Amino acid sequence: MSQFDEILRELKTLDLSKMYRNDFFLTWDKTDQEIAGVFAVADALRDLRERNISTRIFDSGLGISLFRDNSTRTRFSFASACNLLGLEVQDLDEGKSQIAHGETVRETANMISFMADVIGIRDDMYIGKGHTYMQAVADAVEEGFQDGVLEQRPTLVNLQCDIDHPTQVMADTLHLIHHFGGVDQLRGKKVAMTWAYSPSYGKPLSVPQGVIGLMTRFGMDVVLAHPEGYEIMPEVEEVARANAQRSGGSYRRVTSMDEAFEGADIVYPKSWAPYAAMEKRTDLYAQGDTAGIQALERELLAQNAQHKDWSCTEARMARTKAGKALYLHCLPADITGVSCQEGEVDASVFDRYRVPLYKEASYKPYVIAAMILLAQCEHPVEMLRELEKRGRVRKKL
Amino acid sequence: MSQFDEILRELKTLDLSKMYRNDFFLTWDKTDQEIAGVFAVADALRDLRERNISTRIFDSGLGISLFRDNSTRTRFSFASACNLLGLEVQDLDEGKSQIAHGETVRETANMISFMADVIGIRDDMYIGKGHTYMQAVADAVEEGFQDGVLEQRPTLVNLQCDIDHPTQVMADTLHLIHHFGGVDQLRGKKVAMTWAYSPSYGKPLSVPQGVIGLMTRFGMDVVLAHPEGYEIMPEVEEVARANAQRSGGSYRRVTSMDEAFEGADIVYPKSWAPYAAMEKRTDLYAQGDTAGIQALERELLAQNAQHKDWSCTEARMARTKAGKALYLHCLPADITGVSCQEGEVDASVFDRYRVPLYKEASYKPYVIAAMILLAQCEHPVEMLRELEKRGRVRKKL
Amino acid sequence: MSQFDEILRELKTLDLSKMYRNDFFLTWDKTDQEIAGVFAVADALRDLRERNISTRIFDSGLGISLFRDNSTRTRFSFASACNLLGLEVQDLDEGKSQIAHGETVRETANMISFMADVIGIRDDMYIGKGHTYMQAVADAVEEGFQDGVLEQRPTLVNLQCDIDHPTQVMADTLHLIHHFGGVDQLRGKKVAMTWAYSPSYGKPLSVPQGVIGLMTRFGMDVVLAHPEGYEIMPEVEEVARANAQRSGGSYRRVTSMDEAFEGADIVYPKSWAPYAAMEKRTDLYAQGDTAGIQALERELLAQNAQHKDWSCTEARMARTKAGKALYLHCLPADITGVSCQEGEVDASVFDRYRVPLYKEASYKPYVIAAMILLAQCEHPVEMLRELEKRGRVRKKL
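Every value quoted in this text rests on a predicted model; they were computed, and no experiment measured them.

J.: What am I meant to see in the overall build of chain A here?
T.: When helices and strands are counted, chain A shows 16 helices and nine strands. Computed over the C-alpha atoms, the radius of gyration of chain A is 21 Å, within 12% of the 21 Å expected from 2.2 N^0.38 for a compact globule of 397 residues. Considered along the principal axes of its C-alpha atoms, chain A spans approximately 55 × 55 × 45 Å. Within chain A, buried positions represent 64% of all 397 residues. The long-range fraction of contacts in chain A, counting pairs at least 24 apart against all pairs at least 6 apart in sequence, stands at 82%. With the model as given, the accessible surface of chain A reaches about 13500 Å², and the carbon-plus-sulfur share is 48%. Computing the positive centroid from 46 side-chain charges and the negative centroid from 58, chain A places the two 6 Å apart.

J.: Where do I start with the interface of chain A and chain C in this structure?
T.: For an interface, size is often stated in terms of accessible area lost upon the parts coming together. Contacts between the two partners involve 42 residues from chain A, matched on the other side by 39 residues from chain C. Interface area for chain A against chain C, summed over the two sides, is near 3800 Å², with a carbon-plus-sulfur share of 51%. Salt-bridge contacts for A:K396 lead to C:E386; the nearest nitrogen and oxygen are separated by 3.0 Å. If you look at where chain A meets chain C, you find 17 residue pairs in polar contact (both at pLDDT 80 or more). Sorting the residues of the side of chain A that touches chain C by element identifies α2 (32–50), α3 (73–85), β2 (88–91), α14 (354–362) and α15 (364–376) of chain A as the ones contributing at least two each. Among the elements that line the side of chain A that touches chain C, the one with the most residues is α3(A), at seven residues. In terms of residue class, the side of chain A that touches chain C is built from 16 nonpolar, eight polar and 18 charged.

J.: What is the right way to read empty space enclosed by the protein from this model?
T.: Empty space left among the atoms is revealed by rolling a probe the size of a water molecule over them. All told, the structure shown has 15 cavities of 30 Å³ or more when counted by the stated rule. By residue class, the composition of the lining of the second largest cavity is three nonpolar, ten polar and nine charged.

J.: What is the right way to look at the packing of aromatic side chains in this model?
T.: Where two aromatic rings form a pair, the distance of their centres and the angle of their planes describe that pair. Counting across every chain of the model gives 18 aromatic pairs over all chains. Both rings, one in C:F39 and one in C:F218, keep their centres 6.3 Å apart while their planes meet at 45°; by these two values the pair is tilted. In this pair, C:F39 sits in helix α2 (residues 32–50) while C:F218 sits in the loop between α7 (206–215) and β6 (221–225), placing the two residues 179 residues apart along the sequence. Relative accessible area serves as the criterion here: at 12%, C:F218 is assigned to the buried category. Counting every residue linked through ring pairs, the aromatic cluster contains A:W195, A:Y230 and A:W310.

J.: Whenever I open this one, the confidence of the model for chain A confuses me. Can you help?
T.: Low pLDDT means the predicted coordinates in that region are not meant to be read closely. When the pLDDT values of chain A are averaged, the result is 95; 98% of them are 70 or greater. Overall fold confidence for the complex sits at a pTM of 0.97, while the interface term, ipTM, reaches 0.95.

J.: How should I be thinking about helix α8 (residues 234–247) of chain C in this particular structure?
T.: Each full turn of the α-helix corresponds to 3.6 residues, which orients residues three or four apart in the same direction. Residues and elements named next belong to chain C. Helix length check: α8, at 14 residues, gives a terminal C-alpha distance of 20 Å against a target of 20 Å (1.5 Å per residue), a fit within 8%. For α8, the complete set of buried residues consists of V236, E237, V239, A240, N243, A244 and S247. Projection of α8 onto a plane perpendicular to its axis shows the buried side chains occupying an angular sector of 155°, all on one side. When the buried face of α8 is taken as reference, the exposed residues oriented beyond 90 degrees from it are Q245 and R246. Residues of α8 that are buried sit in contact with α7, β6 and β7 (250–254).

J.: Can you walk me through the interface of chain A and chain B in this structure?
T.: At the junction of the two partners, chain A supplies 40 residues and chain B supplies 42 residues. On inspection of chain A and its partner chain B, the count reaches six salt bridges. A:E151 is the salt-bridge partner of B:R46, the closest N and O atoms lying 2.8 Å from each other. Taken together, the links from chain A to chain B amount to 17 residue pairs in polar contact (both at pLDDT 80 or more).

J.: Sorry if this is basic, but what is going on with the relation of the copies chain A and chain C here?
T.: Mapping one chain copy onto the other needs a rotation about an axis and a shift along that axis. Turning chain A through 120° and shifting it by 0.1 Å along the axis lays it on chain C, with an RMSD of 0.0 Å. Such a combination of rotation and displacement between the chain copies is what one expects of a three-fold axis. Identified as the residue of chain A closest to the rotation axis by C-alpha distance is A:E88, at 4.5 Å. Of the interface residues in chain A, just 7% have counterparts in chain C that sit at the interface too, so the contact is made through distinct surfaces.

J.: Help me out: how do you make sense of the UniProt feature "domain: Aspartate/ornithine carbamoyltransferase Asp/Orn-binding" (unreviewed entry) in chain A in this one?
T.: Cross-referencing UniProt, the feature "domain: Aspartate/ornithine carbamoyltransferase Asp/Orn-binding" (unreviewed entry) maps to residues 212–373 of chain A in the present numbering. Annotated as residues 212–373 of chain A, this span is 51% helix and 10% strand, and its ends, taken at the C-alpha atoms, are 26 Å apart.

J.: Would you mind showing me how to read the sheet that holds strand β7 (residues 250–254) of chain B here?
T.: Hydrogen bonds along the backbone pair up the strands of a sheet, which may run parallel or antiparallel. Spatial ordering of the open sheet is given by β7-β6-β5-β8-β9 (chain B), a layout of five strands whose pairing is parallel. In this open sheet, the two strands that pair with only one neighbour each are β7 and β9 (326–327) of chain B.

J.: Would you take a moment to explain the relation of the copies chain A and chain B for this structure?
T.: Take chain A, turn it by 120°, move it 0.0 Å along the axis, and it overlays chain B with an RMSD of 0.0 Å. The share of interface residues of chain A whose copies in chain B are also at the interface is only 8%, consistent with the copies meeting through different surfaces.

J.: For this particular structure, what's the right way to read the pattern of salt bridges?
T.: Close approach of charged atoms allows side chains with opposite charge to pair. Residues and elements named next belong to chain A. Applying the stated rule across the entire model yields 97 salt bridges over all chains. Residue R241 pairs with E237 through a salt bridge whose shortest N-O separation is 3.6 Å. Residue R241 and its partner E237 are located together in helix α8 (residues 234–247), separated by four residues, close to a single helical turn. The class of R241 is partly exposed, set by a relative accessible area of 37%. Under the relative-accessibility criterion, E237 is labelled buried at 5%. Linked by salt bridges that have partners in common, D5, D47, R51, R385 and E388 make up one network.

J.: What's the story with the state of the cysteines in this structure? I'm lost.
T.: Here the structure, examined in full by the defined rule, presents zero disulfides over all chains. Considering cysteine sulfurs only, B:C377 is the nearest to B:C82, which forms no disulfide, with 14 Å between them. C:C312 carries a free sulfur, and the closest cysteine sulfur to it, the one in C:C340, is 13 Å from it. With relative accessibility at 0%, the residue C:C312 sits in the buried group.

J.: Please explain the packing of helix α7 (residues 206–215) of chain A against α8(A) as it appears in this structure.
T.: Two quantities define a packed helix pair, namely the angle between the helix axes and the distance between the axes. Residue and element names in this part refer to chain A. The contact between α7 and α8 brings their axes to 7 Å, and the two run at 20°. Comparing the axis directions of α7 and α8 gives the class roughly parallel. Here the hand of the crossing between α7 and α8 comes out left-handed. Every residue of α8 that contacts α7 at Q209, I212 and G213 is listed here: V236, E237, V239, A240 and N243. Here the residues of the contact of α7 with α8 are counted per class, giving four nonpolar, three polar and one charged.

Cut-off values and rules
- What you see as residue numbers is a count from 1 along each chain, following the sequence as written.
- Lettering for chains starts from A, numbering for ligands starts from 1, and both go in the order in which the items are written.
- Given that this is a predicted model, residues contribute local features only at a pLDDT of at least 70 and side-chain atom pairs are listed and counted only at 80 or more, while totals for whole chains, interfaces and linings are drawn from all residues.
- Hydrogens and water molecules were not included; the side-chain quantities draw on all heavy atoms of the structure.
- A run of DSSP states H or I qualifies as a helix once it reaches four residues; a run of E qualifies as a strand once it reaches two. Both are numbered from the N-terminal end.
- Values of the radius of gyration come from C-alpha atoms, whereas the globule rule sets the reference at 2.2 Å times the count of residues to the power 0.38.
- Buried residues are those whose accessible area, probed at 1.4 Å on protein chains only, stays under 20% of the maximum for their type, while exposed residues exceed 50% and partly exposed ones sit between those limits.
- Residues count as neighbours in contact if any of their non-hydrogen atoms are within 4.5 Å of one another.
- To measure how exposed things are, a 1.4 Å probe is used in the Shrake-Rupley method; for residues, cover is taken only from the protein chains shown.
- Neither His nor the chain ends is counted toward charge; the positive residues are Lys and Arg and the negative residues Asp and Glu.
- Positions of charges follow a simple convention, taking NZ of Lys, CZ of Arg, CG of Asp or CD of Glu.
- Put simply, buried area is how much 1.4 Å-probe accessible surface two parts lose in total, over both of them, once they are put together.
- By convention in these notes, a salt bridge is any Lys or Arg side-chain nitrogen within 4 Å of a carboxyl oxygen on Asp or Glu.
- We call two N or O atoms a polar contact when they sit within 3.5 Å, provided that within protein one can donate a hydrogen and the other can accept it, with sequence-adjacent residues counted only if both atoms are side-chain atoms.
- Three categories are distinguished: nonpolar for Ala, Val, Leu, Ile, Met, Phe, Trp, Tyr, Cys and Pro, charged for Asp, Glu, Lys and Arg, and polar for the others, with Gly belonging to the last.
- Two kinds of site are reported from a 1 Å grid over the protein atoms alone, namely cavities, where a 1.4 Å probe fits but cannot get out, and pockets, open sets with protein on both sides within 12 Å along at least five of seven lines, and residues are called lining when an atom falls within 4 Å of a point.
- Grid points are joined across faces, edges and corners, and a volume is the space filled by probe spheres set on the points.
- Here a Phe, Tyr or Trp ring, Trp counted by its six-membered ring, pairs with any other such ring whose centre lies within 6.5 Å, and the pair is stacked when the planes are under 30 degrees apart, edge-to-face when over 60, and tilted otherwise.
- In predicted models, pLDDT denotes the confidence assigned by the predictor to each residue on a 0 to 100 scale.
- Helix span, as expected, comes to 1.5 Å for every residue beyond the first.
- Summarising the geometry, the arc corresponds to the directions from the helix axis toward the C-beta atoms.
- To line up the copies, we fit them by least squares on C-alpha atoms, keeping just the residues with pLDDT of at least 70 in both.
- UniProt positions are given in the numbering used here, feature names are shortened, and annotations may be inferred rather than shown by experiment.
- Two strands pair if DSSP finds at least two bridges between them.
- What counts as a disulfide here is a pair of cysteine sulfur atoms lying within 2.5 Å.
- Under this scheme, a helix contributes an axis fitted over its contacting stretch, all axes are lines through C-alpha atoms, and angles between N-to-C directions fall in the 0 to 180 degree range.
- Note that the term roughly parallel is reserved for angles under 35 degrees, roughly antiparallel for angles over 145, roughly perpendicular for angles of 65 to 115, and oblique for everything else.
- The handedness criterion is simple: a crossing whose near helix is rotated anticlockwise from the far helix by less than a right angle is left-handed, and one whose near helix is rotated clockwise is right-handed.

Here it is as structure tokens:
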């Protein structure tokens, strides 16, 4: 049986019916079968592309992207996913639009969606804002579709919000699945999601939150480590605890990087800003308090600087399982002596994991494409089978 | 007989031969049959898309967009129209180009057009400039085509100039046709195109001018209302008068919003800047007179503020036909208590018409696509019939 | 025998095997047969397009563009070439990306390339930087492909570096081939690549270098003329000398524009900055020495102003072969009395050559597409034959 046939056989066993015409906001909105479905469809699309079989399901249509923060890899991953399925990307650049001109979210959402099949949004800067904004957009296009304003219901894909970064952490996890040889192999593995020192500040919480919210589903022992004062959203810790209990894994939080690394199979050392500070910053921005923002920045950098020892050094890597834990990062990393004087990770550690890190990133376009396909196709198994049967070449040889 | 067949039957009766290889600048350049042709083709394309039939007539090709003013909905409408026909949008961002570098319009027009099938331009800020610029671009590509520089003749579509906004007002009118059940049902309807107060200033004249220049063609009673000092271009009023006489409708100008609303079937309350002030501003910009521009801005805002009672209130709506006139707007509107303290329209009025307003906007991509198709296809009826027969699915199901 | 068949017959005689999975940096990296191959494929693609036959070889895929300098014609040429072959352009805008954020070239190159088939880069501002950067990107994607990170190896196309501007000068040369009736007709023709005065400064050296590095291959008598102090890279002069010797043409450098124009068949008068000054500027930028940069700018403008007599006037054109040399320019030109008071060329000369100048530019999209096709297709003759046989229409008629 071919790899593709095996994927489809697994896919057939899953109940994915509620993904149709639905959005993708947070991984914990989705059932275990739905998460498995995204992985399987991502693998199936990759398998087809590797066999030079076109996976275009759209002959025309737009994929709208809205980035409220700079982005390279997520921007290109979204563009790649849309292109893979046959959608043309149209970027909503708020600077060039009339949105400042007093237009409501509901209105903009409808105005850009007359021929949109997907809307991808990155909005991760302000606590309590990004997810809410995405929901408002999704509600607006659902209403527009129900009212007959829109001929089709565009799918909303969260390309990173203040709470979760589902396309990233599902790509991370799919990388683990392939690295360790199957989702069952993740059971019992220890993963250390730890804070790490960086000379920058204000990095989003969505990656650590996304990781503990997703990886606790597979029976892994998930440890979150950070210095005092770098707490994440308590609601997400609740999700992690419940997941772990259900999956037969564990979730705990420690304040020692060494403890987290001890015997770990997987490490994910990464800087983020304290939740409370991010909330404060959101308020300061809302008040337009520039002096306050600058004071907070200085304060946060000083706070970071007290924890320069939170770094993924060779010494720490030696503490992991056989000294060979798989190192993960969403990239770009702050590499000591390369991109900064002192950073998240030693250059020698980073260099050793370069190839697996790039492979980790390579799953993101397929994860996004899978989310879109499952929201747009009522019968994904039949669709994938039909794509293989059609056998249209992606690139003429 | 299907809706599509009916559309094609009507289309067959129209002489559209002069639209082939031609541009779309102003609605009043076009015959009544040509205007009817755009509506019919727009309806036909929509019908095909709603039946999931691909309307790609291009396998490759570029649609060039040039926006000299911020835009969301027109930008996305143009992108949607191009995508619907199979063209990839390439934006000419003058900031990123070498145009400031002393390059002529003729040269730029040719340089971007080697593989362009359409050029869409928005240039509405300066009286006497936008339309002239578009004509220069169209002349340049015509010459390039005749000289053998260009292998194909790109179609120029006016996405809003200083004189007319044809894609907007044709979308508005197509909405009226569908709302009232046919173009014949527009005969005798009273439409009030009226100025309304807004705390912003300097809005283009192209919408009111476009409305009176087009809607007078269908036997409607078109009333233009504005305070003294908010005159529009006299040439366009001449067009409106001549249209009204020919079509058996009427055109008149009043200085009372109440009078315009009285018994109206349709109202279109919208702010614009006085023609004379726009001319003055154009001169000040040409002279680089920043102080003069700021003084003019203050003057215009003060002048606007004298007419805060020009608002589409519930009380005024009650004066319309059965209190239920159809409210139109090109969006975004300045909504009292929502996007500004005092604006063009009461929030309750706007809210009541939200769905029809969004539907009004939904016609714009199809109107633009129809303009392109009629300029690019010598035999539009046969083309549409062939698209239906080909039956290529837009989105695999 | 059709024109297309003749092109394919010639193409069959050429050894193009090393172009497959290779990049295009500098024309002198390529054999004469490979240069001839690019011309032939460009002509073949143009012939197909003129017969309304689609040349899409990709059903999906991305063409990444990275412009580190403003650009109109090269940007649109690249977009056109990608579109012609079926690739969607995705612009890597470094301002919108996280690249400033300490990311390495190797990492970025891989992150944007998961579904990229081509990467086009313009990086011409700093001596010693552009070419080196492009090589780093190409090495990174080659490594990524070998490591299994990338499923395909994107082709790197040099859209202008500090050393060469291959897409420009190959378009210039293809124009000459068609103008004079075949590559054999270039033998013995005198081409004057000369410096010309412009009130701007700091223009790249890549065009004069590219011209002498390419046109010396066809048995032409290539004369480079410039005032003392406007020397180009000596390595490229070495290339030109070796080419000339091999091809039976000649290369020499003179310090008189009149001497260069005397009896010339082709003239290419164009401003550039002295190599030594460009090196100095690169160092000043590296040191962030703003005062030094401004001082250098004043110095260069003053130096330029001493050579205002280096202009392509009617009097000089009269010295050329029968007074009718073919005038070339990469555009935009600095035209005396049009884009500046005193510039590279008289308005009357420029006007007389406008149509051939635009035709010259029209070859660039095809040259770029040919470079891509030859890097992506192992069997280009069979591919082109198959495209003709497939006969898919580009635009439905």
